[in-house]
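Observations on the three-dimensional arrangement
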Amino acid sequence: MKSIIIGLICVMGANILLGATVSTFKCEFKVKKLLCGCFKAFCIVLACILMYLCGELNPTLMIASIGGVNMNLGEAMQAIFVLGIVFYGYKDLIKIKELLGV
């Protein structure tokens with residue numbers, strides 16, 4: 001689980017850096033938008049840490065039923081974070097493509 005949280009933090013950080021780079025090259029860079037992105041990432045990271053601790057302290061608490069499969073907090077977080085990595089990873093690849101002019 002820790003590797004998934006670290007992976008999500010990494011792709012979010014990459015997304016912020018690539019977004020700032022793309023907007024700079026397009027002469028559309030806005031400090032306020034960068035700060036909003038950093039604040040969003042910080043809040044998500046802090047929330048992830050708190051939820052991870054809660055999941056570790058309460059591993060038997062079932063909170064979701066997805067497709068008939070009961071999930072505890074840790075399993076549900078893992079599924080959502082994997083989707084987050086896919087989402088941010090896709091956005092990062094689009095920005096890299098744009099920067100490389102491919």
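Bear in mind the structure is a predicted one, so any value in this text is a computation, not a measurement.

Definitions and limits used
- Residues numbered from 1 in each chain as written.
- Predicted model: local features only at pLDDT ≥ 70, side-chain atom pairs only at ≥ 80, totals over all residues.
- Heavy atoms only, no water.
- Phe/Tyr/Trp six-rings, centres within 6.5 Å; stacked < 30°, edge-to-face > 60°.
- Buried < 20%, exposed > 50% of the residue type's maximum accessible area, 1.4 Å probe, protein only.
- Helix = DSSP H or I, 4+ residues; strand = E, 2+ residues; numbered from the N terminus.
- Contact = heavy atoms within 4.5 Å.
- pLDDT = per-residue confidence, 0-100.
- Axes fitted to C-alpha atoms, helices over the stretch in contact; angles between N-to-C directions.
- Parallel < 35°, antiparallel > 145°, perpendicular 65-115°, else oblique.
- Left-handed = near helix turned anticlockwise from the far one by under 90°.
- Nonpolar A, V, L, I, M, F, W, Y, C, P; charged D, E, K, R; others polar.

**Description of the packing of aromatic side chains**
Enumeration over the complete set of coordinates arrives at one aromatic pair. Pairing F87 with Y88 gives two aromatic rings, centres 5.5 Å apart and planes at 75°, and the pair type is edge-to-face. On the basis of relative accessible area, F87 is assigned to the partly exposed category, the value being 46%. Taking relative accessible area as the criterion, Y88 reaches 10% and is therefore assigned buried.

**With respect to the side chain of N15**
Structurally, N15 is set in helix α1 (residues 2–25). The exposure class assigned to N15 is buried, which follows from its relative accessible area of 9%. Leave out the neighbours within four places in its chain, and N15 touches Y88, K91, D92 and K95.

**Points about the confidence of the model for the protein chain**
In the predicted model, the protein chain carries a mean pLDDT of 88, and the fraction of residues at 70 or more is 99%. Here strand β1 (residues 62–66) is the element of the protein chain with the lowest mean pLDDT, 80, and helix α3 (residues 73–100) is the one with the highest, 90.

**Brief notes about the packing of α1 against α3**
For any two helices packed against each other, the geometry comes down to the angle between their axes and how far apart the axes lie. Relative orientation of the contacting elements α1 and α3 amounts to 25°, with a least axis distance of 9 Å. By the angle between their axes, α1 is roughly parallel relative to α3. Remark: the crossing between α1 and α3 carries left-handed chirality. Residue composition of the contact of α1 with α3, by class: 15 nonpolar, seven polar and four charged.

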